[in-house]
Amino acid sequence: MHLTMLLSILGLAGGLRYAWSQMALDTWRVRWYWTMTLFLLPPLLLFTTAIAVIWMGPQGKMVGTWEGWLSYFLSIGLLSVSILWLLKLTWGAGQILQRVRTYPIADLDGTPIRLLDLDTPYSAQIGLWQPELVISQGLLITLGKEHQAAVIAHERAHYHYRDTFYFFWLGWVRQITAWLPHTEAMWQELLILREIRADRWASAQTDPLLVAEALLFVVQSTPVFPDNLCAAFSQITKPNRLDRRIEAILTATEPIECFKLWSWAWFLFALLPLLAVPFHI
């Protein structure tokens, strides 16, 4: 029974990811909700199932000996690999933060920044809950004061939404579920939606045209830090992403995200595998 339970949840996880690729998602708010939900729900189901199997143990009257031990070790393996990935990402994040904190501190119109010795325009929030704002010398040379203010407003949006913290954890999910369908496509979708949200937040603080123009100036910036720890203004990896961001800046008609508490009710569904524990014999 345990092995059947694992395989069933695995099939459900793959089906949910496949369902995302078939959805017609029109508005940005709907894209946020469904992409985030179907990105997180499959791994949560797998985790709770693995925990339930380990909790129930490898033996019982409802399972054969070999099946019980196989499902037991598969569950331990899944959780162990996930923990190892988390430790690796945490160590890497610590190394990057140490490197960032060696950059000199400067003041940009009242905003403290870490000055990066780089000729190309670049700006990003780097870190976790309390990220550091890193701006290159090339950006200060290339952009005028008004465009610099637009970039700063964009980066403040990332700080406001704590994007670096939450995307660190989403990046962990990406790593441990890379074998599930559409993981990379959903990750890239979340990245572009994150940037569009920050663009719109910045557009509410300053002129949207300035945000769009600043984006055009820095779009060719070379990535400096990994995207699971970095919220960069120039976060674009495909040609059509620039068009999507510019369009979203200039034609914003609705908030990109408006999650209420009830929006996370699906989390209760991820706990269903744990209900099997009391009925285990």
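The structure we're discussing is the one just above.
First things first, this report covers the structure right here in the doc. A quick note: this is a predicted structure, and the numbers were derived from the prediction, not measured.

With respect to the pattern of salt bridges
In step 1: One pass over the structure, following the stated rule, counts seven salt bridges.
In step 2: Glu 195 is paired through a salt bridge with Arg 194; the nearest N and O atoms lie 2.9 Å apart.
In step 3: Glu 195 sits in the buried class, given a relative accessible area of 0%.
In step 4: Salt bridges sharing partners connect three or more residues here, namely Arg 101, Arg 114 and Glu 132.

Points about the packing of aromatic side chains
In step 1: Per the counting criterion, the structure on display carries nine aromatic pairs.
In step 2: Following the ring pairs from residue to residue traces out a cluster consisting of Phe 47, Trp 129, Phe 165, Tyr 166, Phe 168, Trp 169 and Trp 172.
In step 3: Note that Arg 162 overlies the ring of Tyr 159, its terminal NZ or CZ placed 4.6 Å from the centroid.
In step 4: Residue placement shows Arg 194 over the ring face of Phe 167; its charged tip is 4.7 Å from the ring centre.

Re the environment of Asp 107
In step 1: Assignment of secondary structure puts Asp 107 in strand β1 (residues 105-108).
In step 2: With relative accessibility at 57%, the residue Asp 107 sits in the exposed group.

Points about helix α6 (residues 163-176)
In step 1: Taking 1.5 Å of rise per residue, the 14 residues of α6 would be expected to cover 20 Å, and the 20 Å separating its terminal C-alpha atoms lies within 8% of that figure.
In step 2: Most of α6 is tucked away: ten of the 14 residues are buried.
In step 3: Taken residue by residue, α6 has Asp 163, Thr 164, Phe 167, Phe 168, Leu 170, Gly 171, Trp 172, Val 173, Arg 174 and Ile 176 as its buried positions.

Some details on the pairing of strand β2 (residues 111-116)
In step 1: Of all six residues in β2, five are buried; the element is thus mostly enclosed.
In step 2: Taken together, the four bridges between β1 and β2 define a ladder with antiparallel strand orientation. In the strand pairing of β2, Leu 108 is matched with Thr 111.
In step 3: Between the end of β1 and the start of β2, which pair antiparallel, lie two residues, with Asp 109 showing a positive phi angle near 50 degrees.
In step 4: When β2 meets strand β4 (residues 132-136), the two strands line up parallel, connected through three bridges. Paired with Leu 115 across the bridge in β4 is Ile 135.

What counts, and at which threshold
- Residues numbered from 1 in each chain as written.
- Predicted model: local features only at pLDDT ≥ 70, side-chain atom pairs only at ≥ 80, totals over all residues.
- Heavy atoms only, no water.
- Salt bridge = Lys/Arg side-chain N within 4 Å of Asp/Glu carboxyl O.
- Buried < 20%, exposed > 50% of the residue type's maximum accessible area, 1.4 Å probe, protein only.
- Phe/Tyr/Trp six-rings, centres within 6.5 Å; stacked < 30°, edge-to-face > 60°.
- Lys NZ or Arg CZ within 6 Å of the ring centre and 35° of its normal.
- Helix = DSSP H or I, 4+ residues; strand = E, 2+ residues; numbered from the N terminus.
- Expected span 1.5 Å × (residues − 1).
- Pairing = 2+ DSSP bridges.

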